[in-house]
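Examining the three-dimensional arrangement
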Amino acid sequence: VQLQACGGGLVQAGGSLRLSCAASGGMFSTKAVGWFRQAPGKVREVVAAIGWSSRTKYYAESVKGRFTISKDNAKNTVYLQMNSLKPDDTAIYYCALAQKSYSPYLLSGNDYGYWGQGTHVTVSS
């Protein structure tokens, strides 16, 4: 299973970016997916997560109302739409695919068996 994340870049505060993460194999349609981020000097944190059926979603308090996670099973792709970006959103963003099938959203990195390579997001003030 490979996850390819893209869509990061440099944006001014208040701007938007859409991250994409395409999966090859791994029974994507049956798996929960998560977006994590890690800023310099900080621990990795879950930003948003979506259950296998897309019925359950989670957002970290810091991004609630600004970020939207979605899952397109036909394209084996998960998206993270990021609006009203802030300098505090600057980080490397990683997508992750659950290890097991048919779970609601997952918040622990230990529940994910596959990780993308990360895409850099830089928000300037």
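Rules and cut-offs
- Residues numbered from 1 in each chain as written.
- Predicted model: local features only at pLDDT ≥ 70, side-chain atom pairs only at ≥ 80, totals over all residues.
- Heavy atoms only, no water.
- Buried < 20%, exposed > 50% of the residue type's maximum accessible area, 1.4 Å probe, protein only.
- Helix = DSSP H or I, 4+ residues; strand = E, 2+ residues; numbered from the N terminus.
- Pairing = 2+ DSSP bridges.
- Disulfide = S-S within 2.5 Å.

Because side chains alternate across strand 1 (residues 2-6), one face comprises the buried residues L3 and A5, and the other comprises Q2, Q4 and C6, none of which is buried. Inspection of the sheet shows strand 1 paired to strand 3 (residues 17-24) by five bridges, in the antiparallel sense. In the sheet register, A5 faces strand 3, and the bridge partner there is C21.

What follows concerns the state of the cysteines. As enumerated under the stated definition, the model contains one disulfide in all. One disulfide bridge connects C21 with C95, the sulfur atoms lying 2.0 Å from each other. Measuring the twist about the S-S bond at about 60°, one finds the C21-C95 disulfide to be right-handed. One end of the pair, C21, is in strand 3; the other, C95, is in strand 9 (residues 91-101), with 74 residues separating them in the sequence. There is no disulfide at C6, and the cysteine sulfur nearest it, in C21, is 8.4 Å away. With a relative accessible area of 41%, C6 lands in the partly exposed category.

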